[in-house]
Amino acid sequence: MDVYEAIRTRGSTRAYRDCPVESEKLARILEAARLAPSARNIQAWKLVVVQDPAARRALAEAAEQAFVAAAPVVIAVVAMEPARIMHCGVPSAPVDTAIVADHITLAATAEGLGTCWICHFDQARCRKLLGVPLTAMVMEMILLGYPEGTPGPKKRKSIEEIVCNERLA
């Protein structure tokens, strides 16, 4: 599957089949994440891969979303320098970790897997569950597994609504 097909077909998966993700596929997905660009190439993030059912249930409770536990893999994307600000005045952690997460979701789609970004969770509980120090921050969790069904069509604005030429109109 090429990247354009992965972009077209990727959708949020909230129901997963009860089967594990092969270690070879997970390794390729994590390699895609490793290759993600970051501000000044600092790569100030880490990935915590959670496959233990009890740990996934605990993360589901911290996220107040039961379906989190159904995914055979949860990848927590952790910003190791969450206070770092880029020259343009924008925090680098949300940008860098979003790029990593997007690499994960597109690579997973190419592998025939479903994903879902989870950003609704109790930070303190997730930090404790994942062993994340107070100097770092869990930015998002990506669910990963074989989807139960297929995502519906994407609803997106037209290109004319989102693209401006030369200046913001």
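Residues numbered from 1 in each chain as written. Predicted model: local features only at pLDDT ≥ 70, side-chain atom pairs only at ≥ 80, totals over all residues. Heavy atoms only, no water.

A. Seen up close, the layout of surface pockets. Reported here for the largest pocket is a volume of approximately 170 Å³. Along the walls of the largest pocket sit 14 residues, with Thr9, Thr109, Leu113, Pro147 and Pro151 positioned nearest its centre. A class-by-class count of the residues in the lining of the largest pocket yields four nonpolar, nine polar and one charged. (1 Å grid on protein atoms, 1.4 Å probe; cavity = no way out; pocket = protein on both sides within 12 Å on 5 of 7 lines; lining within 4 Å. Points joined across faces, edges and corners; volume = space filled by probe spheres on them. Nonpolar A, V, L, I, M, F, W, Y, C, P; charged D, E, K, R; others polar.)

B. How the structure looks around the sheet that holds strand S4 (residues 137-145). Spatially, the four strands line up as an open sheet ordered S1-S2-S4-S3, and their pairing is antiparallel. With one partner strand each, in any of the chains shown, strand S1 (45-50) and strand S3 (114-118) form the two edges of the open sheet. Each strand of the sheet is rotated relative to its neighbour by a mean of 20°, with strand direction disregarded. Direction of pairing for strand S2 (residues 73-79) relative to S4: antiparallel, over a ladder of seven bridges. Bridge pairing in S4 links Ile75 to Ile142. (Pairing = 2+ DSSP bridges. Helix = DSSP H or I, 4+ residues; strand = E, 2+ residues; numbered from the N terminus. Axes fitted to C-alpha atoms, helices over the stretch in contact; angles between N-to-C directions.)

C. Geometry of the packing of helix H2 (residues 23-34) against helix H4 (residues 92-110). The contact between H2 and H4 brings their axes to 8 Å, and the two run at 145°. Seen along the crossing, H2 lies across H4 with a hand that is right-handed. Of the residues in H4, those touching H2 at Ile29, Ala32 and Ala33 are Val100, His103, Ile104, Ala107 and Ala108. Here the contact of H2 with H4 is composed, by residue class, of seven nonpolar, one polar and no charged. (Left-handed = near helix turned anticlockwise from the far one by under 90°. Contact = heavy atoms within 4.5 Å.)

D. Layout of the pairing of S4. Most of S4 sits inside the fold, with eight of its nine residues counted as buried. The pairing of S3 with S4 spans five bridges and is antiparallel. When the bridges of S4 are listed, Trp117 appears paired with Ile142. (Buried < 20%, exposed > 50% of the residue type's maximum accessible area, 1.4 Å probe, protein only.)

E. Just the packing of helix H3 (residues 53-63) against helix H5 (residues 123-130), in detail. Viewed as axis vectors pointing N to C, H3 and H5 meet at an angle of 165°, and their least axial separation amounts to 9 Å. It follows that H3 is roughly antiparallel to H5 by the angle criterion. Judged by the twist between their axes, the crossing of H3 over H5 is left-handed. Residues Ala58, Leu59, Glu61 and Ala62 of H3 touch H5, and the partners they reach there are Arg125, Cys126, Leu129 and Leu130. Among the residues making up the contact of H3 with H5, the classes are represented as six nonpolar, no polar and two charged. (Parallel < 35°, antiparallel > 145°, perpendicular 65-115°, else oblique.)

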